[in-house]
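Spelled out from the first residue to the last, the chains are:
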Protein chains: 2
Amino acid sequence: MPERADAARNRAKILAAAEELFAARGAADVTMEDIARAAGVGRGTLYRRYPDRAAIAVALLDEHERQLQESLLRGPPPLGPGAPPAERLAAFYAAMVDLLTRHAHLVLGTEVGHSRFKTGAYGFWHTHVRVLAAAANAPDPDVLADVLLAPLAPELFLHQTGQGVTPERITASLRALAARTF
Amino acid sequence: MPERADAARNRAKILAAAEELFAARGAADVTMEDIARAAGVGRGTLYRRYPDRAAIAVALLDEHERQLQESLLRGPPPLGPGAPPAERLAAFYAAMVDLLTRHAHLVLGTEVGHSRFKTGAYGFWHTHVRVLAAAANAPDPDVLADVLLAPLAPELFLHQTGQGVTPERITASLRALAARTF
DNA sequence: CCTCAAGTGGACGCGGCGTCCACTTGAGGC
DNA sequence: GCCTCAAGTGGACGCCGCGTCCACTTGAGG
């Protein structure tokens with residue numbers, strides 16, 4: 001049963017409206033009602049697809065994440081397979097900082113606190129880093145993967161940039177970390 | 001103008017009640033009303049001192065933090081001054097994991113998301129780690145300090161322990177990180 | 001054209017938040 | 001000991017966002 005025409009139209013309107021609102025003010029103080037009104041639909045319609053703000057942000061982020069995930073799995077080195085683990089980790093860090101820079105407002109809506117770890121995306125990043133750690137013969141790759149992903153927490157990123165720290169400095173620091181860890 | 005007797009009594013009742021409630025269920029679903037009722041106090045009285053849950057959790061954590069902060073500044077090595085930076089960082093990690101293990105429910109009430117970075121405690125930890133990084137001649141100690149503190153995020157700790165990871169494994173992983181970084 | 005499942009929207013009830021203000025209490029002055 | 005008044009108290013109140021529910025509309029397939 002494919003999506004009905006009017007449903008598809010509304011889905012598009014909702015995502016467009018949400019994207020704009022998230023960008024304008026923070027995702028934090030955009031209410032479901034705001035999104036519904038901006039999209040010209042009722043609250044009920046909104047809830048039918050997206051149980052909360054996080055779900056909407058996830059949908060918006062989806063394609064960007066997919067693209068990076070694709071590069072990690074099958075792209076050219078050092079992001080994709082072929083380079084030594086330390087370099088792949090550094091490249092991954094750089095790509096993630098870039099993603100945060102461009103979409104921090106969305107990510108923040110999504111991954112606040114605990115919910116971050118429940119997303120499929122986190123699982124994917126975790127697996128990726130764990131495999132790299134294992135390839136580098138690091139001890140306890142499972143736990144190490146969490147530790148190495150922690151500096152990419154959106155809250156931290158926003159805190160740092162809010163303090164005037166540039167993405168470049170963050171990337172540089174993470175590159176150094178990657179080099180020393182593996 | 002010292003605190004009035006009845007005010008002091010109520011402050012104690014509030015903290016005791018909050019501690020108990022936070023421990024019983026998570027801090028997440030304890031309402032201000034719950035705390036007020038459990039303390040036998042009105043909502044107004046509660047708000048007079050503590051503008052939100054976070055403030056209460058901070059007050060509860062205060063003494064434990066002070067104790068660790070004291071040890072970092074003036075205690076015996078490797079926690080206090082005297083040991084090489086890498087060992088001091090490892091000891092700090094171990095102490096923090098211990099603190100999280102014992103008080104995760106409180107910390108979680110406090111440091112959810114961005115608010116974590118605004119607390120005085122985070123500033124203290126940050127300064128401590130930055131000084132260690134500088135002593136080890138690490139590049140950009142300011143940013144590195146944030147990166148090295150990230151794995152101590154309460155949300156991550158709870159996620160890991162919820163997955164069956166023991167505090168010992170976390171400490172071990174962090175110890176290895178400390179050894180390689182400095 | 002008809003049917004009926006899928007989709008829609010807004011009214012509704014709930015619950016927590018934070019404020020406000022009339023009342024009470026206790027500490028210091030006499 | 002009593003009086004005064006600022007500090008402290010508590011609960012009623014209004015507000016707002018959430019999530020649900022259901023009577024209505026729309027569109028695709030027969």
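Residues numbered from 1 in each chain as written. Chains lettered and ligands numbered in written order. Predicted model: local features only at pLDDT ≥ 70, side-chain atom pairs only at ≥ 80, totals over all residues.

### Side note on the overall build of chain A
The following threshold applies: Secondary structure elements are taken from DSSP: a helix is a run of H or I of four residues or more, a strand is a run of E of two residues or more, and numbering for both begins at the N terminus. Put plainly, a residue is buried at 20 or more neighbouring C-beta atoms within 10 Å of its own, exposed at 12 or fewer, and partly exposed in between, counting only other residues' C-beta atoms, which are placed from the backbone. Contacts are defined on C-beta atoms placed from the backbone: any two residues whose C-beta positions lie within 7 Å are in contact.
Secondary structure summary: chain A contains 10 helices and zero strands in total. For chain A, the α and β elements follow one another from N to C terminus as α-α-α-α-α-α-α-α-α-α. Its C-alpha atoms give chain A principal-axis dimensions of roughly 55 × 45 × 25 Å. Among the 182 residues that make up chain A, the fraction classed as buried is 38%. Within chain A, contacts between residues separated by at least 24 positions form 62% of all contacts whose residues are at least 6 apart in sequence.

### Focus on the UniProt feature "domain: HTH tetR-type" (unreviewed entry) in chain A
Applied cut-off: UniProt positions are given in the numbering used here, feature names are shortened, and annotations may be inferred rather than shown by experiment.
When the UniProt feature table is mapped onto this chain, "domain: HTH tetR-type" (unreviewed entry) is found at residues 8-68 of chain A. Between the end C-alpha atoms of residues 8-68 of chain A there is a gap of 26 Å, over a span that is 79% helix and 0% strand.

### Some points on the protein's contact with DNA strand D
Defined as follows: Each residue receives a C-beta atom placed from its backbone. It is near a molecule or strand if this atom lies within 6 Å of it.
Close to DNA strand D lie 22 residues, the nearest being Ala5 and Gly44 of chain A together with Asn10, Gly42 and Gly44 of chain B. Among the secondary structure elements, those contributing two or more residues to the surface near DNA strand D are helix H1 (5-24), helix H2 (32-39) and helix H3 (43-49) of chain A together with helix H1 (5-24) and helix H3 (43-49) of chain B.

### A short note on the UniProt feature "DNA-binding region" (unreviewed entry) in chain A
Within this structure's numbering, the places UniProt gives as "DNA-binding region" (unreviewed entry) are residues 31-50 of chain A. Split by type, residues 31-50 of chain A is 75% helix and 0% strand. Its first and last C-alpha atoms lie 13 Å apart.

### Things to note about the interface of chain B and chain A
This is how the line gets drawn: Ten residue types, Ala, Val, Leu, Ile, Met, Phe, Trp, Tyr, Cys and Pro, are classed as nonpolar, four, Asp, Glu, Lys and Arg, as charged, and the remainder, Gly among them, as polar.
Listed per partner, the contact involves 28 residues of chain B and 28 residues of chain A. Broken down by secondary-structure element, the contributors of at least two residues to the side of chain B that touches chain A are helix H8 (141-149), helix H9 (154-162) and helix H10 (167-181) of chain B. The element that contributes the greatest number of residues to the side of chain B that touches chain A is H10 of chain B, accounting for nine residues. Considering only residue class, the side of chain B that touches chain A consists of 17 nonpolar, six polar and five charged.

### Side note on the relation of the copies chain B and chain A
Two chain copies, one operation linking them: a rotation about an axis together with a shift along it. Selection criterion: C-alpha atoms of residues with pLDDT of at least 70 in both copies form the basis for the least-squares superposition of the copies.
With an RMSD of 0.1 Å, the operation that places chain B on chain A is a rotation of 180° combined with a shift of 0.0 Å along the axis. Classification of the inter-copy transformation places it as that of a two-fold axis. A share of 100% of the interface residues of chain B reappears at the interface of chain A, consistent with the copies meeting face to face through the same patch.

### Side note on H8 of chain B
Buried residues dominate H8 of chain B, accounting for seven of its nine residues. Taken together, the buried positions of H8 of chain B are Val143, Leu144, Ala145, Asp146, Val147, Leu148 and Leu149 of chain B. In this structure, the buried residues of H8 of chain B make contact with helix H9 (154-162) and helix H10 (167-181) of chain A together with helix H7 (120-135) and H10 of chain B.

### Focus on the packing of H1 of chain A against H2 of chain A
Residue and element names in this part refer to chain A. Selection criterion: Note on method: axes are straight lines fitted to C-alpha atoms, helices fitted across the in-contact stretch only, with angles between N-to-C directions ranging 0 to 180 degrees. Just so you know how the angles are binned, under 35 degrees is roughly parallel, over 145 roughly antiparallel, 65 to 115 roughly perpendicular, and the rest oblique. Crossings are classed by handedness, with left-handed meaning an anticlockwise turn of the near helix from the far one by less than a right angle and right-handed meaning a clockwise turn.
Relative orientation of the contacting elements H1 and H2 amounts to 120°, with a least axis distance of 8 Å. Taken together, the axes of H1 and H2 are oblique relative to one another. As H1 packs across H2, the resulting crossing turns out to be right-handed. In this structure, H1 uses Lys13, Ile14, Ala17, Ala18 and Leu21 to contact H2, whose residues at the interface are Asp34, Ile35, Ala38 and Ala39. Split by residue class, the contact of H1 with H2 holds seven nonpolar, no polar and two charged.

### Re the protein's contact with DNA strand C
In the region of DNA strand C, 22 residues are neighbours, and Val41, Gly42 and Gly44 of chain A together with Ala5 and Gly44 of chain B sit closest. Listed by contribution, the elements that provide at least two residues to the surface near DNA strand C are H1 and H3 of chain A together with H1, helix H2 (32-39) and H3 of chain B. Among the elements that make up the surface near DNA strand C, the one with the highest residue count is H3 of chain A (four residues). Residue composition of the surface near DNA strand C, grouped by class: six nonpolar, six polar and 10 charged.

### Here we look at the domain arrangement of chain A
Residues and elements named next belong to chain A. Rules: For the purposes of this description, domain bounds are those given by an automatic or database domain assignment.
What the domain assignment reports for chain A is domain 1 (1-51) and domain 2 (53-181). A separation of 28 Å is found between the C-alpha centroids of domain 1 and domain 2. If you look at the interface, domain 1 gives 10 residues, while domain 2 gives 10 residues.

### Some words on the environment of glutamate 33 of chain A
Residues and elements named next belong to chain A. Mapped onto the fold, glutamate 33 is located in helix H2. Its 11 C-beta neighbours within 10 Å are what place glutamate 33 among the exposed residues. Along the backbone, glutamate 33 and arginine 43 are 10 residues apart, and their C-alpha atoms lie at a distance of 6.3 Å.

### Looking at the environment of aspartate 62 of chain A
Residues and elements named next belong to chain A. Here aspartate 62 lies in helix H4 (residues 53-74). With 12 C-beta atoms counted inside 10 Å, the residue aspartate 62 sits in the exposed group. Sequence-wise, aspartate 62 and tyrosine 50 are 12 residues apart; in three dimensions their C-alpha atoms are separated by 14 Å.

### Side note on the packing of H1 of chain A against H4 of chain A
All names here are of chain A. In contact at an axis separation of 10 Å, H1 and H4 are set at 100° when each is read in the N-to-C sense. Viewed along their axes, H1 and H4 adopt a mutual orientation that is roughly perpendicular. Along the contact surface, H1 presents Leu15, Ala18, Glu19 and Phe22, while H4 presents Ile56, Ala57, Ala59 and Leu60. Residue composition of the contact of H1 with H4, grouped by class: seven nonpolar, no polar and one charged.

### Quick notes on the environment of valine 97 of chain A
Residue and element names in this part refer to chain A. Mapped onto the elements of the fold, valine 97 is located in helix H5 (residues 85-111). A tally of 22 C-beta atoms within 10 Å means that valine 97 is categorised as buried. Linking valine 97 and alanine 135, residues 38 residues apart in sequence, is a C-alpha distance of 23 Å. Not counting residues within four places of it along the chain, the set of residues in contact with valine 97 comprises Pro167, Ile170 and Thr171.

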